[in-house]
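Here is what each chain is made of, one letter per residue.
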Amino acid sequence: MTDRQAFRIITVITIAIPAAVLALYLIPKPDVVPNFVRHCPLLNATLNGTCTLLLISSYIAIRNKKVAIHRTLNIAAFTLSALFLVSYVTYHLFGKETLFPHDNPMRPVYLFILASHITLSAIVLPMVLLTFYRGLTNQVIKHRKIARWTMPIWLYVTITGVVVYLMISPYYPF
């Protein structure tokens, strides 16, 4: 695959995923929600938390020049992020939206964390894909340049994903 082909694929994915997520909020929800759907939020938080640990471990590995371990940990984090996306889409395809209570004094904090999480998750998606591609194709210098930006943003997104879950979980209707 050429860089040009990879960039095209990254562009398509970068547009398609947010569009699909937006569409989830526009389509009607079924009357009957499958029982497994209630487990998706905890699964999502677990996947995000595990990604956080993998990203930190990956960073430590590369700082210690353990490239093979770094690569394996990043492949694992990438895979778990893809599984997160499947679980997230599944939940929002079936589940009803849970709102943080308007009278809770933590609502502004929750909304700020949620907004930054959503915004940065959309921004980091093409960065992760490009960083991953450059790492897998051994474009080390280019990989390092973008990874310096990708890693902290991806880490923030995974951490805030867990924080959002912990803040909203008491209000789930199940």
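Refer to the structure above for everything that follows.
Residues numbered from 1 in each chain as written. Predicted model: local features only at pLDDT ≥ 70, side-chain atom pairs only at ≥ 80, totals over all residues. Heavy atoms only, no water.

(A) A look at the overall build of the protein chain. If you tally the helices and strands in the protein chain, you get five helices and zero strands. Here the protein chain has a C-alpha radius of gyration of 17 Å; the compact-globule value for 174 residues is 16 Å, and the two agree. With the C-alpha coordinates aligned to their principal axes, the bounding extent of the protein chain is approximately 50 × 30 × 30 Å. For the protein chain, the proportion of its 174 residues judged to be buried stands at 39%. On the protein chain, roughly 10,700 Å² of surface is accessible, and the fraction owed to carbon and sulfur atoms is 72%. Distance between charge centres in the protein chain, computed from 15 positive and 4 negative side chains, equals 22 Å. (Helix = DSSP H or I, 4+ residues; strand = E, 2+ residues; numbered from the N terminus. Rg over C-alpha atoms; globule rule 2.2 N^0.38 Å. Buried < 20%, exposed > 50% of the residue type's maximum accessible area, 1.4 Å probe, protein only. Areas by Shrake-Rupley, 256 points an atom, 1.4 Å probe, with all protein chains shown as cover. Lys, Arg positive; Asp, Glu negative; His and termini not counted. Charge placed at Lys NZ, Arg CZ, Asp CG, Glu CD.)

(B) Looking closely at the packing of aromatic side chains. Tallying each qualifying case throughout the model produces seven aromatic pairs. Between the aromatic rings of Phe84 and Tyr88, the centroid separation amounts to 5.7 Å while the plane-to-plane angle is 35°, which identifies the pairing as tilted. Residue Phe84 and its partner Tyr88 are both found in helix α3 (residues 67–94); the two are separated by four residues, about one turn of the helix. By way of ring pairs, the aromatic residues Tyr91, Tyr165 and Tyr172 are connected into one cluster. (Phe/Tyr/Trp six-rings, centres within 6.5 Å; stacked < 30°, edge-to-face > 60°.)

(C) Layout of unusual backbone geometry. Residues other than glycine seldom take positive phi values, yet Lys65 does so here, at roughly 65°. Its place among the elements puts Lys65 in the loop between α2 (40–63) and α3.

(D) Geometry of the environment of Thr119. Tracing the backbone through its elements, the reader meets Thr119 in helix α4 (residues 107–136). Accessibility expressed as a relative area gives 45% for Thr119, which makes it partly exposed. Spatially, the C-alpha atom of Thr119 lies 24 Å from that of Lys29, the residues being 90 residues apart in sequence. A distance of 2.8 Å separates a polar side-chain atom of Thr119 from the backbone oxygen of Ala115. (Polar contact = N/O pair within 3.5 Å; in protein donor to acceptor, adjacent residues only side chain to side chain.)

(E) Here's a closer look at a positive patch on the surface. A surface patch of positive charge is lined by Arg63, Lys65, Arg144 and Arg148. By the element assignment, Arg144 lies in helix α5 (residues 140–168). (Patch = residues over 30% accessible without salt bridge, like charges linked within 9 Å, V, L, I, M, F, W, Y side chains within 5 Å. Salt bridge = Lys/Arg side-chain N within 4 Å of Asp/Glu carboxyl O.)

(F) Structural view of the packing of α2 against α5. The contact between α2 and α5 brings their axes to 8 Å, and the two run at 150°. With respect to each other, α2 and α5 are oriented roughly antiparallel. In terms of crossing hand, the pair formed by α2 and α5 is left-handed. Contacts between α2 and α5 involve Pro41, Leu42, Ala45, Asn48, Gly49, Cys51, Thr52, Leu55, Ile56 and Tyr59 from the former and Met151, Trp154, Leu155, Thr158, Ile159, Gly161, Val162 and Tyr165 from the latter. (Axes fitted to C-alpha atoms, helices over the stretch in contact; angles between N-to-C directions. Parallel < 35°, antiparallel > 145°, perpendicular 65-115°, else oblique. Left-handed = near helix turned anticlockwise from the far one by under 90°. Contact = heavy atoms within 4.5 Å.)

(G) Here's a closer look at the side chain of His70. Relative to the elements of secondary structure, His70 occurs in helix α3. With near-sequence residues (within four places) excluded, His70 lies in contact with Ser58, Ala61, Ile62 and His143.

(H) Just α3, in detail. Relative to the 40 Å expected for 28 residues at 1.5 Å per residue, α3 spans 41 Å between its end C-alpha atoms, a close match to the ideal helical length. Within α3 the residues assigned to the buried category are His70, Leu73, Asn74, Ala77, Leu80, Phe84, Ser87, Tyr88, Tyr91 and His92. (Expected span 1.5 Å × (residues − 1).)

(I) Structural context of the packing of α4 against α5. One way to put it is that α4 packs onto α5 with a least axis distance of 7 Å and a crossing angle of 145°. Crossing geometry of α4 relative to α5 is assigned as left-handed. For the contact of α4 with α5, the per-class residue count stands at 20 nonpolar, nine polar and two charged. (Nonpolar A, V, L, I, M, F, W, Y, C, P; charged D, E, K, R; others polar.)

(J) Focus on α2. Over its 24 residues, α2 runs 34 Å from end to end, which matches the ideal 34 Å to within 8%, given 1.5 Å per residue. Among the residues of α2, those classed as buried are Cys40, Pro41, Asn44, Ala45, Leu47, Asn48, Cys51, Thr52, Leu54, Leu55, Ser58 and Ala61. Remark: Lys65 follows α2 within two positions and exhibits a positive phi of approximately 65°.

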